[in-house]
Amino acid sequence: MNLNKLASQFHTADFIKDDPVQFPHIYKEKTDIEISAFISSWIAYGSRVQIIKTLNKIHQEFLESPTNYIKEKKYQHYQNQEQCLYRFYQEKDFFQLCETLHTILFEENFSCLEDKIQSLVCQKPTAIEVLEAITKIFPNQKGIPQNTKSACKRLCLFLRWMIRKNSEVDFGIWNILQEKDLIIPLDTHVFRISKQLSLTNRKQADMLSAIQITDKLKITFPDDPLLGDYALFGYGVKHQEKTK
């Protein structure tokens, strides 16, 4: 199996249309992209079709600007609402997430989410330190891990979107980390494929597994290991086709 070939095949603009990353691509302003991307990655588990259906509904409420949506607290109608938003998320969970974003941007007056995170870490942090900072910003938020023992898949996905430059898919609008510092967004599907390819010998999809797989991907992609994320996705697609 040629990881470089698979990465080249799937790391294209065509990837966007069936992926939740399509939503932050609607916007041009940094905070709009950040907010859309953070919420989109927060929702990103389960069926892609259902993820996109839910995100489409949320982004219809954003209209032209997620930033204005947060600034003007247009999410207030979700407060204390226990109706299902998506799978195990209730509407009140979305309200809590939006409230934290409002506090960061319009009460603490950070110009963007990246600046808030940078205020909590050293000048050149590791990916783990950035992930830990995010968990501290969103304490007791359903869907956001409270530590970095788990794989933190959705947060690592968000960081991939924000950090990777020269990409038709990812945005590269953050400088807090470099591409080589990132950790693969590890879910059970990618973990299973990684075990098939002997990229990990671990038994569970936790952070240690994600780091081990990322380190193996650095052999092929030393400066940009998460290009290997597209290769593993591509392998999964090809393998699925062969077994049909």
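Just above sits the structure.
Every value quoted in this text rests on a predicted model; they were computed, and no experiment measured them. (Residues numbered from 1 in each chain as written. Predicted model: local features only at pLDDT ≥ 70, side-chain atom pairs only at ≥ 80, totals over all residues. Heavy atoms only, no water.)

(A) View of the overall build of the protein chain. Along the backbone of the protein chain there are eleven helices and two strands. Taken from the N to the C terminus, the helices and strands of the protein chain come in the order α-α-α-α-β-β-α-α-α-α-α-α-α. In terms of overall dimensions, the protein chain is globule-like: its C-alpha atoms have a radius of gyration of 18 Å, near the 18 Å expected for 244 residues. A separation of at least 24 residues holds for 62% of the contacts in the protein chain among residues at least 6 apart in sequence. (Helix = DSSP H or I, 4+ residues; strand = E, 2+ residues; numbered from the N terminus. Rg over C-alpha atoms; globule rule 2.2 N^0.38 Å. Contact = heavy atoms within 4.5 Å.)

(B) Molecular detail of the side chain of R160. Summarising the element assignment, R160 is placed in helix 8 (residues 153-163). The buried category is assigned to R160, whose relative accessible area is 4%. When residues no more than four places from it in sequence are discounted, the contact partners of R160 are F15, V169, D170, L182, L226, D229 and Y230. (Buried < 20%, exposed > 50% of the residue type's maximum accessible area, 1.4 Å probe, protein only.)

(C) Broad picture of helix 7 (residues 127-137). Where helix 7 is concerned, the buried positions are A127, V130, L131, A133, I134, T135 and I137. Those residues of helix 7 that are buried lie in contact with helix 2 (30-43), helix 5 (91-107), helix 6 (113-118), helix 8 and helix 10 (207-220).

(D) The arrangement of the packing of helix 2 against helix 3 (residues 48-62) in detail. At a closest axis distance of 10 Å, the pairing of helix 2 and helix 3 adopts a crossing angle of 150 degrees. Taken together, the axes of helix 2 and helix 3 lie roughly antiparallel to each other. Considering only the axes of helix 2 and helix 3, their crossing is right-handed. Packed against helix 2, whose contacting residues are S36, I39, S40 and I43, the element helix 3 presents I51, T54, L55, I58, H59 and F62 at the interface. Each residue belonging to the contact of helix 2 with helix 3 can be placed in one class, and the counts come to six nonpolar, four polar and no charged. (Axes fitted to C-alpha atoms, helices over the stretch in contact; angles between N-to-C directions. Parallel < 35°, antiparallel > 145°, perpendicular 65-115°, else oblique. Left-handed = near helix turned anticlockwise from the far one by under 90°. Nonpolar A, V, L, I, M, F, W, Y, C, P; charged D, E, K, R; others polar.)

(E) Here's a closer look at helix 8. The element helix 8 is extensively covered by neighbouring structure, given that ten of its eleven residues are classed as buried. Turning to helix 8, its buried residues number three or more, namely R154, L155, C156, L157, F158, L159, R160, W161, M162 and I163.

(F) Main features of the environment of Y78. Tracing the sequence through the fold places Y78 in the loop between helix 4 (66-71) and strand 1 (84-86). Look at Y78 and you get buried, because its relative accessible area is 2%. With 31 residues separating them along the chain, Y78 and N109 place their C-alpha atoms 24 Å apart. Other than its neighbours up to four places away in sequence, Y78 contacts K57, E61, Y69, E91, K92, F94 and F95.

(G) Local environment of the environment of A13. Its place among the elements puts A13 in the loop between helix 1 (3-10) and helix 2. The partly exposed category is assigned to A13, whose relative accessible area is 38%. When the C-alpha atoms of A13 and H77 are compared, they prove to be 36 Å apart, with 64 residues separating the residues in sequence.

(H) Molecular detail of unusual backbone geometry. Notably, K73 is not glycine yet its phi reads approximately 55 degrees, a positive angle. Position of K73 among the secondary structure elements: in the loop between helix 4 and strand 1. Residue classification places K73 among the partly exposed positions, given a relative accessible area of 24%. A positive phi is found at R87, a non-glycine position, where the angle reads about 50 degrees. Along the polypeptide, R87 turns up in the loop between strand 1 and strand 2 (89-90).

(I) Here's a closer look at the layout of surface pockets. A volume near 650 Å³ is recorded for the largest pocket. R48, D187, H189, V190 and F233 are the residues nearest the centre of the largest pocket, which is lined by 26 residues in total. Secondary-structure elements contributing two or more residues to the lining of the largest pocket are helix 3, helix 8, helix 9 (188-196) and helix 11 (227-243). Of all the elements, helix 11 adds the most residues to the lining of the largest pocket, at seven residues. Its residues assigned to classes, the lining of the largest pocket comprises twelve nonpolar, six polar and eight charged. (1 Å grid on protein atoms, 1.4 Å probe; cavity = no way out; pocket = protein on both sides within 12 Å on 5 of 7 lines; lining within 4 Å. Points joined across faces, edges and corners; volume = space filled by probe spheres on them.)

(J) Expanded view of the side chain of E114. Mapped onto the fold, E114 is located in helix 6. Classification of E114 as buried rests on a relative accessible area of 8%. At 3.0 Å, the side chain of E114 forms a polar contact with the backbone nitrogen of I176. Leave out the neighbours within four places in its chain, and E114 touches K30, E34, I173, W174, N175 and I176. (Polar contact = N/O pair within 3.5 Å; in protein donor to acceptor, adjacent residues only side chain to side chain.)

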